[in-house]
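Per-entry structural report
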Amino acid sequence: MIELKIGQEVEMEFGGRAKVLKVIGSGGQGIVYLVEFNAQKWALKWYDVDKIKRPKEFRQNIKNNIQDGAPSNKFLWPKYLTKENANGTFGYIMELKPESFDSFVDILNTYKLVIDPLTGRATKQPVRFTSLYAMVTAVINIVNAFRQLHRVGKSYQDLNDGGFFINVNTGAVLVCDCDNIAPDGSNFGIGGKPGYMAPEVVRGIAKPDVQTDKYSLAVVLFKLLFRGDPMEGEKVVKDVCLTESSELKHYGQDAVFVYDPDNASNRPVRGIHDNVIKFWRIYPKYIRDAFIQSFTQGISEPNKRIIENEWQKLFIRLRSEIIMCGCGRTNFTSMFSQADEKTYRCPKCGMEFATLEFSNRENRMPLYVGCKFFVCEIDPDSDDFLTVAGELVENKLKPGVLGIKNCTEQTWTARLPDGKNYPIQPGKGFPIWKGLEVDFGKVTARM
């Protein structure tokens, strides 16, 4: 590989030159540099073409992706190609990762190494989600990004923990390493990362596609939520050294999910897989069931894998079941006791939470100051899970009096304590009371 030098200028395919400023990082296919092009800072990925099986076709695929454009703003998509040198080397530039985003790997490790520019000393800086709400929103964003990708007929092909940057404060997600994305059915020799590849890819009987993406996506989601490997339990631990043949066995030929209800041979081991043991008890049954399906039936039957739309609905529901209690306890409703079928009680302080029943779903939403519901939850035709539709707030003039604020641009109708219906204009609200009924337009809700 011919590495670029600091200060060197790289000619772009359609004119202009990108000046190399410094090295950002390196990977299996090449090196990523910080460059300046058209008076802006960009990231340039420069390839070691000896590590690409069909570099001409690979380059053309990137060119096609640039012409097609990104499926959404959740992707750090290739923007411009460089000219191909006489020796075949080339690269492409993309937007830089914002400083507010951390790598998926650092999030799994719970820290990142920060180098002091003066001393060169590395220190650990914590990297954790600031709230359960942000983490579940990140999961929804990851699922939605791949839903958008697959809807345009493309697959990622090398989905792993190096493919994401996440804002731990908001749950916003950026998908990176998009150069391996290709039309479904096409493949340029990319296999994937052990532990993330679908079993049929590990066994060498299939190439990466949309179906294998679905398996890899389930692995990513499991690792983010349960902080462990879905296939690493007692059976895998007994192999002290994971050789290529043992990886083929544990992740391909004889893959067993750690919580397979019909096969207990690979259960998590206390002292090694404590996170998985802890979090498996915390998540509600419908989330556990989805992973069981993904990693039991889904191992051998790709068409039984959970599709992105189903994941999205499950995690939107999960987010709506978060309770943030005034005592500081934050968890899902499954970890709260119930005073009755409509009321949850905090097991720590005893505080009770009323719930709201929506006409378009079975689960009730717990009500607490600051809780929100989103446009997609009151409009069945909407896919917007980021825009807040309503929020539970405290009356500024009457402390202790709670109400729901209309954050949309539509007018709602609410039945108030006097038994009459009133229009609720955008920006206005209505009080919470036992007989409450509200019409959002396509969906109704009541206490």
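Residues numbered from 1 in each chain as written. Predicted model: local features only at pLDDT ≥ 70, side-chain atom pairs only at ≥ 80, totals over all residues. Heavy atoms only, no water.

**Details of helix α1 (residues 55-68)**
An ideal rise of 1.5 Å per residue puts 20 Å on 14 residues; α1 measures up with 20 Å between its terminal C-alpha atoms. Listing the buried residues of α1 in full gives Phe 58, Arg 59, Asn 61, Ile 62 and Asn 65. One side of α1 holds all its buried residues, which, seen down the axis, span an arc of 155 degrees. Exposed side chains of α1 directed beyond 90 degrees from the buried face belong to Lys 56, Gln 67 and Asp 68. Elements that come into contact with the buried residues of α1 comprise β4 (40-47), β5 (80-81), β6 (91-94), β10 (154-155) and β13 (182-183). One or two steps after α1, the chain reaches Gly 69, where phi turns positive at roughly 85 degrees. (Helix = DSSP H or I, 4+ residues; strand = E, 2+ residues; numbered from the N terminus. Expected span 1.5 Å × (residues − 1). Buried < 20%, exposed > 50% of the residue type's maximum accessible area, 1.4 Å probe, protein only. Arc of directions from axis to C-beta. Contact = heavy atoms within 4.5 Å.)

**What about helix α5 (residues 210-226)?**
Note that an α-helix has 3.6 residues per turn; residues three or four places apart therefore point the same way. Between its terminal C-alpha atoms α5 stretches 24 Å, which fits the 24 Å expected from 17 residues at 1.5 Å a residue. Between a side-chain oxygen at the N-terminus of α5 and the backbone nitrogen of Gln 211 the separation is 3.0 Å; the capping residue is Asp 209. In the segment just after α5, Arg 227 is the residue with positive phi, at about 55 degrees. (Polar contact = N/O pair within 3.5 Å; in protein donor to acceptor, adjacent residues only side chain to side chain.)

**Digging into the sheet that holds strand β20 (residues 372-374)**
On the basis of which strands lie adjacent, the open sheet formed by four strands has the order β20-β21-β22-β25 and antiparallel pairing. Here the strands that pair on one side only, and so sit at the sheet edges, are β20 and β25 (429-431). Neighbour-to-neighbour, the strand axes of this sheet turn through a mean angle of 20 degrees, independent of strand direction. (Pairing = 2+ DSSP bridges. Axes fitted to C-alpha atoms, helices over the stretch in contact; angles between N-to-C directions.)

**Focus on the nonpolar core**
Residues Ile 142, Phe 146, Phe 164, Phe 257, Phe 291, Trp 311 and Phe 315 are the most contacted members of the largest nonpolar core, which totals 99 residues. Here Phe 257 is in contact with Phe 222, Pro 230, Met 231, Asn 263, Arg 267, Trp 280, Phe 291, Ile 292 and Phe 295, once residues within four sequence places are set aside. Among the nonpolar cores identified, the runner-up in size contains 13 residues, and Met 12, Ile 31, Val 35 and Ile 93 belong to it. (Core = buried A, V, L, I, M, F, W, Y, C linked by side-chain atoms within 4.5 Å.)

**Thoughts on the layout of surface pockets**
Taken as a whole, the largest pocket encloses approximately 1600 Å³ of empty space. Elements that contribute at least two residues to the lining of the largest pocket include exactly β2 (17-26), β3 (30-37), β4, β7 (102-103), α2 (104-109), β8 (111-115) and β11 (164-166). Ranked by the residues each element gives to the lining of the largest pocket, the list is headed by β2, at five residues. By residue class, the composition of the lining of the largest pocket is 19 nonpolar, 15 polar and 12 charged. (1 Å grid on protein atoms, 1.4 Å probe; cavity = no way out; pocket = protein on both sides within 12 Å on 5 of 7 lines; lining within 4 Å. Points joined across faces, edges and corners; volume = space filled by probe spheres on them. Nonpolar A, V, L, I, M, F, W, Y, C, P; charged D, E, K, R; others polar.)

**Regarding the pairing of strand β23 (residues 412-415)**
Residues of β23 alternate between two faces, with Trp 412 and Ala 414 buried on one and Thr 413 and Arg 415 left unburied on the opposite face. The pairing of β23 with strand β24 (residues 421-424) spans four bridges and is classified as antiparallel. From the neighbouring strand, Thr 413 faces β24, where its bridge partner is Pro 423. In this sheet, strand β26 (residues 437-439) lies alongside β23 in antiparallel orientation, the contact comprising three bridges. Among the inter-strand pairings, Ala 414 is bridged to a residue of β26, identified as Val 438.

**Considering the packing of helix α3 (residues 132-151) against α5**
Taken N-terminus to C-terminus, the directions of α3 and α5 make an angle of 170 degrees; their axes are 11 Å apart at the nearest point. The angle between α3 and α5 falls in the class roughly antiparallel. When α3 is examined against α5, the residues Met 135, Val 139, Ile 142, Val 143, Phe 146 and His 150 are found in contact with a partner set consisting of Val 210, Asp 213, Leu 217, Leu 221, Leu 224 and Leu 225. Broken down by class, the residue content of the contact of α3 with α5 amounts to 10 nonpolar, one polar and one charged. (Parallel < 35°, antiparallel > 145°, perpendicular 65-115°, else oblique.)

**So, the pattern of salt bridges**
Considering all chains together, one arrives at 25 salt bridges under this definition. One salt bridge in this structure joins Glu 57 and Arg 54, with 3.0 Å as the shortest N-O distance. Looking at Glu 57, the relative accessible area reads 40%, which means it is partly exposed. Across the pair Glu 301 and Lys 304 runs a salt bridge whose closest N-O atoms are separated by 3.3 Å. We classify Lys 304 as partly exposed; its relative accessible area is 28%. The network of salt bridges with common partners includes Glu 11, Arg 17 and Lys 83. (Salt bridge = Lys/Arg side-chain N within 4 Å of Asp/Glu carboxyl O.)

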